[in-house]
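Structural description and commentary
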Amino acid sequence: MDKAGEITKHLMSQTNTKDSDLKCQICSKCGAPKEYIVKLFGSSKKVPIACKCESESYAKKEEEATKRDKMRKLESLKRYSLMDASFEQCTFENWETDEHNQIWYKLGQRYCDEWQSMKSENIGMLLHGEPGRGKSYLSYCIANRLIQQGVPVIATSSINIINKVYESYSTGEEGEADILNQFKNASLVVLDDLGAEHEGKTGKEKQIIYSLIDTRIRQQLPTIITTNLTMDQLKNKLTGTDGIARTYDRIIEACPAIEITGRAYRIEKAKVKLNRIRDLVR
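In what follows, the accompanying structure is described.

1. Side note on the overall build of the chain
- Within the chain, the secondary structure is distributed over 12 helices and seven strands.
- Evaluated residue by residue, the chain yields a buried proportion of 40% over its 282 residues.
- In the chain, the proportion of contacts linking residues at least 24 apart, taken out of those at least 6 apart, comes to 73%.
- By element, 51% of the accessible surface of the chain is carried by carbon and sulfur atoms, the whole surface being about 16,800 Å².

The following block contains the structure:
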């Protein structure tokens, strides 16, 4: 018998009192007592308690309230995101599978299927490869599938985050730490196009990216990163003025690197549009 069953049995036994007028009320749904008889200084008194179904209902409401609060915080975070109409079209249902991208389709599906394990083990991904191979599309498909499952997800880019931080310096509405700390509210962050950001003389951009990555890892929260750079290029890009590649090392710690290969889908789409324009002048 489990612990809950033992407690119920114990509480049920308390109804076997000699005081006939002190019988415990029993829940008609779960069969567990809704009252507990307390004996103190020779007198008996009935004390209301939550039965099994009431306890489960309360726990469920607490869980839903926590989830709503997290989603509310995530809504405020969307002003830093890239989650527009085009993002919403990136789904596994809209994926055009072929022999070149089938493996990445399966990777994305299985990552979502194993999400609870991926989250508990803090396993993200670093998707790298030449432009137009579908890295962003794959990461957005994963994001949308998890969003459908009620997982708090935010998709943004390194450029977007850096711009928002710089904007905060002039507006004074919220500081850099406030912006970066808000990313703790997302169970998964998709950081798109890392390495495309402008590199200033102060190296501040590297500090911002490091702070975001470090915060995610310390909170044991997965991150999916995409980049058009090679691994060596990314390492050089993220290496600080002191010659230490601390950001790169932190990324590799939590995000296994996967090279996305295949057809240049973006170029092929551009050719289709070019042919349509040519048709107009024939």
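2. Points about the packing of aromatic side chains
- Throughout the structure, instances matching the rule amount to seven aromatic pairs.
- Judged by centre distance (5.7 Å) and plane angle (85°), the rings of phenylalanine 92 and tyrosine 105 are edge-to-face. Of the two residues, phenylalanine 92 sits in the loop between α3 (85–88) and α4 (102–113) while tyrosine 105 sits in helix α4, which places them 13 residues apart along the sequence.
- Since its relative accessible area comes to 22%, tyrosine 105 is described here as partly exposed.
- On the basis of an interplanar angle of 55° and a centroid distance of 6.2 Å, the ring pair of tyrosine 111 and tryptophan 115 is categorised as tilted.
- On the basis of relative accessibility, which here comes to 5%, the residue tyrosine 111 falls in the buried class.
- Owing to a relative accessible area of 3%, tryptophan 115 belongs among the buried residues under this scheme.

3. Comments concerning a nonpolar patch on the surface
- Together, Val38, Leu40, Phe41 and Val47 give the surface a local cluster of nonpolar side chains, amounting to about 410 Å² of exposed area.
- Among the structural elements, valine 47 can be located in strand β2 (residues 43–48).
- For valine 47, a relative accessible area of 32% gives the class partly exposed.

4. Concerning the pattern of salt bridges
- Within the structure shown, the criterion is met by 10 salt bridges.
- Of the charged contacts in the structure, one is a salt bridge between glutamate 54 and lysine 34, with a shortest N-O distance of 2.6 Å. With glutamate 54 in helix α2 (residues 52–77) and lysine 34 in the loop between α1 (3–13) and β1 (35–40), the pair connects residues that are 20 residues apart, well separated along the chain.
- With a relative accessible area of 18%, lysine 34 lands in the buried category.

5. Some points on the side chain of lysine 34
- For lysine 34, the side chain forms a polar contact with the side chain of glutamate 54, separated by 2.6 Å.
- Those residues in contact with lysine 34 that lie beyond four places of it in its chain are Gln25, Ile26, Cys27, Val47, Pro48, Ile49, Cys51 and Glu54.

6. Remarks on the sheet that holds strand β5 (residues 188–192)
- The strand order across the open sheet built from five strands is β4-β5-β6-β3-β7, with neighbouring strands paired in parallel fashion. Looking at the sheet topology across the chains shown, the edges are occupied by β4 (153–157) and β7 (257–259). Strand after strand, the sheet turns through a mean of 15° between neighbouring axes, direction not considered.
- Examined bridge by bridge, strand β3 (residues 125–128) and β7 share three bridges and lie parallel to one another. Looking across to β7, one finds that leucine 126 is bridged to alanine 257.
- Here helix α6 (residues 135–148) sits on the sheet and contacts β3, β4, β5 and β6 (223–227); the angle it forms with β5, its principal contact strand, is near 160°.

7. Some words on unusual backbone geometry
- Positive phi is not limited to glycine here, since asparagine 122 has a value of about 55°.
- Mapped onto the elements of the fold, asparagine 122 is located in the loop between α5 (115–120) and β3.
- Note on asparagine 122: relative accessible area 8%, which makes it buried.
- Positive phi outside glycine occurs at glutamine 220, with the angle close to 55°.
- Topologically, glutamine 220 is positioned in the loop between α9 (204–218) and β6.
- Look at glutamine 220 and you get partly exposed, because its relative accessible area is 44%.

8. A closer look at the packing of α4 against α6
- Packing of α4 against α6 brings their axes to within 10 Å, and their N-to-C directions diverge by 30°. With respect to α6, the axis of α4 lies roughly parallel. With respect to the hand of their crossing, α4 and α6 are arranged in right-handed fashion. In this structure, α4 contributes Trp104, Leu107, Gly108, Gln109, Tyr111 and Cys112 to the contact, and α6 contributes Leu138, Ile142, Arg145 and Leu146.
- In terms of residue class, the contact of α4 with α6 is made up of seven nonpolar, two polar and one charged.

9. A closer look at the pairing of β5
- Of all five residues in β5, five are buried, a share of seventy percent or more.
- Of the strand pairs in this sheet, β4 and β5 are connected by five bridges, and their pairing is parallel. In the strand pairing of β5, serine 157 is matched with aspartate 192.
- Looking at chain direction, β5 and β6 are connected through three bridges and run parallel. In the sheet register, valine 190 faces β6, and the bridge partner there is isoleucine 224.

The rules behind each value
- Residues numbered from 1 in each chain as written.
- Predicted model: local features only at pLDDT ≥ 70, side-chain atom pairs only at ≥ 80, totals over all residues.
- Heavy atoms only, no water.
- Helix = DSSP H or I, 4+ residues; strand = E, 2+ residues; numbered from the N terminus.
- Buried < 20%, exposed > 50% of the residue type's maximum accessible area, 1.4 Å probe, protein only.
- Contact = heavy atoms within 4.5 Å.
- Areas by Shrake-Rupley, 256 points an atom, 1.4 Å probe, with all protein chains shown as cover.
- Phe/Tyr/Trp six-rings, centres within 6.5 Å; stacked < 30°, edge-to-face > 60°.
- Patch = residues over 30% accessible without salt bridge, like charges linked within 9 Å, V, L, I, M, F, W, Y side chains within 5 Å.
- Salt bridge = Lys/Arg side-chain N within 4 Å of Asp/Glu carboxyl O.
- Polar contact = N/O pair within 3.5 Å; in protein donor to acceptor, adjacent residues only side chain to side chain.
- Pairing = 2+ DSSP bridges.
- Axes fitted to C-alpha atoms, helices over the stretch in contact; angles between N-to-C directions.
- Parallel < 35°, antiparallel > 145°, perpendicular 65-115°, else oblique.
- Left-handed = near helix turned anticlockwise from the far one by under 90°.
- Nonpolar A, V, L, I, M, F, W, Y, C, P; charged D, E, K, R; others polar.

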